[in-house]
Amino acid sequence: MQHDAGHRNGPSLSFVTGAKVAPVEAALMRAHAYAVVASLLIAALFGTVAAIKLVDPDFLSGHVWDTWGSVRADHTQGILFGWLGNAFLAFLYFAVPRLAGRPVMSSVLGWWLFVLWNLAVVALGWAVVLINLPDYLWAIKPLEWTEFPLAVNLVTEACLILTALQFIPPLARRPNPDGIYVTSWYIIGALVFTLLAFPVGSLVPMLVPGAIGAAFSGLWIHDAIGLYVTPLVVAIAYYVFPVRTGEPIYSHFLSMLGFWLLFFVYPLNGTHHYIYSSIPMDTQRAAIAASVILGIDVIIVVFNLLMSLRGQGARVRRDAPLLFVWTSVVIYLVVSLQGSLQALMPMQRYIHFTDWVIGHSHLAMLGFATFGALGGIAHVCERSAGCRYHSGYMHLAYWLILFGLGVMFVDLTMAGLMQGRLWNSTAPWMDSVRDSRIYWLVRAATAIPLLLGFAAFIAGMFAGAVNRHAGTGKRSFHMGAAAPQAAGG
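About the thresholds
- Residues numbered from 1 in each chain as written.
- Predicted model: local features only at pLDDT ≥ 70, side-chain atom pairs only at ≥ 80, totals over all residues.
- Heavy atoms only, no water.
- Helix = DSSP H or I, 4+ residues; strand = E, 2+ residues; numbered from the N terminus.
- Rg over C-alpha atoms; globule rule 2.2 N^0.38 Å.
- Buried < 20%, exposed > 50% of the residue type's maximum accessible area, 1.4 Å probe, protein only.
- Contact = heavy atoms within 4.5 Å.
- Areas by Shrake-Rupley, 256 points an atom, 1.4 Å probe, with all protein chains shown as cover.
- Lys, Arg positive; Asp, Glu negative; His and termini not counted.
- Charge placed at Lys NZ, Arg CZ, Asp CG, Glu CD.
- Phe/Tyr/Trp six-rings, centres within 6.5 Å; stacked < 30°, edge-to-face > 60°.
- Lys NZ or Arg CZ within 6 Å of the ring centre and 35° of its normal.
- Expected span 1.5 Å × (residues − 1).
- Polar contact = N/O pair within 3.5 Å; in protein donor to acceptor, adjacent residues only side chain to side chain.
- Axes fitted to C-alpha atoms, helices over the stretch in contact; angles between N-to-C directions.
- Parallel < 35°, antiparallel > 145°, perpendicular 65-115°, else oblique.
- Left-handed = near helix turned anticlockwise from the far one by under 90°.
- Nonpolar A, V, L, I, M, F, W, Y, C, P; charged D, E, K, R; others polar.
- Salt bridge = Lys/Arg side-chain N within 4 Å of Asp/Glu carboxyl O.
- pLDDT = per-residue confidence, 0-100.

A. Region of the structure containing the overall build of the protein. Across its full length, the protein holds 17 helices and 4 strands. Its C-alpha atoms give the protein a radius of gyration of 22 Å, near enough to 23 Å, the size a compact globule of 489 residues would have. Here the protein holds 489 residues, and 59% of them are scored as buried. Considering only residue pairs separated by 6 or more positions, the protein has 82% of its internal contacts joining residues 24 or more positions apart. Carbon and sulfur atoms provide 71% of the accessible area of the protein, an area that totals close to 18,700 Å². Here the protein carries 26 positive and 21 negative side-chain charges, and the mean point of each set is 13 Å from the other.

Laid out in structure tokens, this is it:
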């Protein structure tokens, strides 16, 4: 295939055209891929138990470890650090040598990062949350998206520093002849901003309680999504689209405009989680304005990505990795515009604390983030000699997960509107609880297609015929082979 991929009217990118690339730490990538599988299933099971307990509070009750709060915290932290964290690291080990034209910094550093990330952050975090220790350093933190204890957070910050040291220097020290592609910009931005935002939003609120601490915690609530998850998922999209279609990104200018708007505007968004709180109103209004501007940024990014796929409809439908990532991009637009809308004060009066917000967060993490990460992992797997990629199972996984997500999102949105209506009336609060039960029952039932979808995706990674075509165009990446090797995307 003759590639013009990269930026229109610019040089073709070497990682697309099949040139030799730098050595790849294939064993580390494979290790993180296995961690992806384990973390995804465990975190999803925690979420399923939490959903069932809303319908039947006595389910798995009577112990410290099975309280709803502990299970819910392990679900959200497992999704963020276990599932998405490992998925991003696996993809970075695949993509960075191709983008940078040089290997990552160190295999030894990589194994330290793998062990610390999975044992001292994810596994230890899950365990101490279930044990629920009273000690200040080991207790569950009452902060959204950073419930793991302070002691675990210190290791998390160390891991974020190691991640930056592993992947940023190859991308920044000597740009390859292609220059710094937009995917590299997003990777560098995500790794730098996350290691700065995490201690500000996760550690500072524990030292500065009250409204000031809430203002700081709002930074991580939103920056975990906006400065860690979002740029890495967008990086996957900018990487996968040109590789799998052979077509260039629609506009280099729009890709750079979207990048800078994201990192300039997103840090201001967090306080919109505390509308009508004791935080100064000017700060709240600034967060609302930033949320609206961010919606404009997302329109720019999504327009650029979807225009890069024009005329590729048939390819998207039959190409599972491309289909996952395309869906992620579409959901990115929907969930971001929904976020801009619900940041407005009139909307907050109606939906604050309702299940509408839970539906929104699942659309972001299970929709936008998970579909993007699944597409990235599927792409790596499909390009891996020695891997057993199975297209049929991947497509089955896509439809099962999309069905489960769709039903859950609609159900929780309807529940939120019902709750908002009752809470703005004179009806007793318990009426909203009783009327919510049917919606919570449907929500719990969506675990069936979702878990089946995750199982099908895992089958898609391991159930196909062995790929023995390393270095030959589409199937060129050897997950377990010695490098260097052909690029092939």
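B. Layout of the packing of aromatic side chains. Scanning the entire structure with this criterion turns up 27 aromatic pairs. Between Phe324 and Phe371, the aromatic rings sit 5.7 Å apart at their centres with planes inclined by 45 degrees, giving tilted as the arrangement. Taken together, the residues span a long stretch of sequence, with Phe324 in helix H12 (residues 320-342) and Phe371 in helix H14 (residues 355-382) at a distance of 47 residues. The same class applies to Phe324 and to Phe371, which are both buried. Here the aromatic rings of Tyr398 and Trp399 are separated by 4.9 Å at their centres, their planes lie at 85 degrees, and the arrangement is edge-to-face. According to the relative accessible area criterion, Tyr398 is buried, its value standing at 5%. Here Trp399 falls in the exposed class, since its relative accessible area comes to 53%. Put simply, the rings of Trp185, Tyr186, Phe193, Tyr238, Phe259, Trp260, Phe263 and Phe264 touch in pairs and so form one group of aromatic residues. The side chain of Arg98 reaches across the aromatic face of Phe94, ending 4.2 Å from its centre.

C. Looking closely at unusual backbone geometry. For Tyr276, which is not a glycine, the phi torsion comes out positive at approximately 70 degrees. Within the secondary structure layout, Tyr276 lies in the loop between helix H9 (252-265) and helix H10 (281-307). Accessibility expressed as a relative area gives 42% for Tyr276, which makes it partly exposed. Positioned with a positive phi, Phe353 is a non-glycine residue whose angle comes to about 70 degrees. Note that Phe353 resides in the loop between helix H13 (345-351) and H14.

D. How the structure looks around H12. Here H12 is 23 residues long and its end C-alpha atoms lie 32 Å apart, about the 33 Å a rise of 1.5 Å per residue gives. Within H12, 17 of the 23 residues are buried, which leaves the element mostly enclosed by the surrounding structure. Structurally, the start of H12 carries an N-cap: the backbone nitrogen of Leu322 is 3.2 Å from a side-chain oxygen of Asp319.

E. Inspection of the packing of H14 against helix H15 (residues 391-423) at higher detail. At their nearest, the axes of H14 and H15 sit 7 Å apart, and the two run at 165 degrees to each other. In terms of orientation, H14 lies roughly antiparallel with respect to H15. Like other packed secondary-structure pairs, H14 and H15 cross with a definite hand, here left-handed. Counted by class, the contact of H14 with H15 contains 17 nonpolar, 7 polar and 1 charged residues.

F. Just the side chain of His379, in detail. In this structure, His379 sits in helix H14. What makes His379 buried here is its relative accessible area of 0%. Among residues more than four places away in sequence, those in contact with His379 are Phe94, Tyr239, Val240, Val243, Arg244, Pro321 and Gly489.

G. Structural view of the pattern of salt bridges. Following the criterion strictly, the structure yields 6 salt bridges and no others. Of the charged contacts, one joins Asp282 and Arg285 as a salt bridge, the two residues approaching to 3.5 Å between their closest N and O atoms. Here Asp282 and its partner Arg285 are both found in helix H10, 3 residues apart, which amounts to about one turn of the helix. Among the charged side chains, a network of salt bridges with common partners joins Arg244, Asp319, Glu382 and Arg383.

H. Looking closely at the confidence of the model for the protein. For the protein, mean pLDDT is 89; residues scoring 70 or higher make up 90% of the total. In the model, residues 1-5 has pLDDT below 50 throughout and makes 22 contacts with residues more than four positions away in sequence or in other chains. Here residues 471-487 is modelled with pLDDT under 50, and outside its nearest four sequence neighbours on either side it reaches 65 contacts, counting other chains as well.

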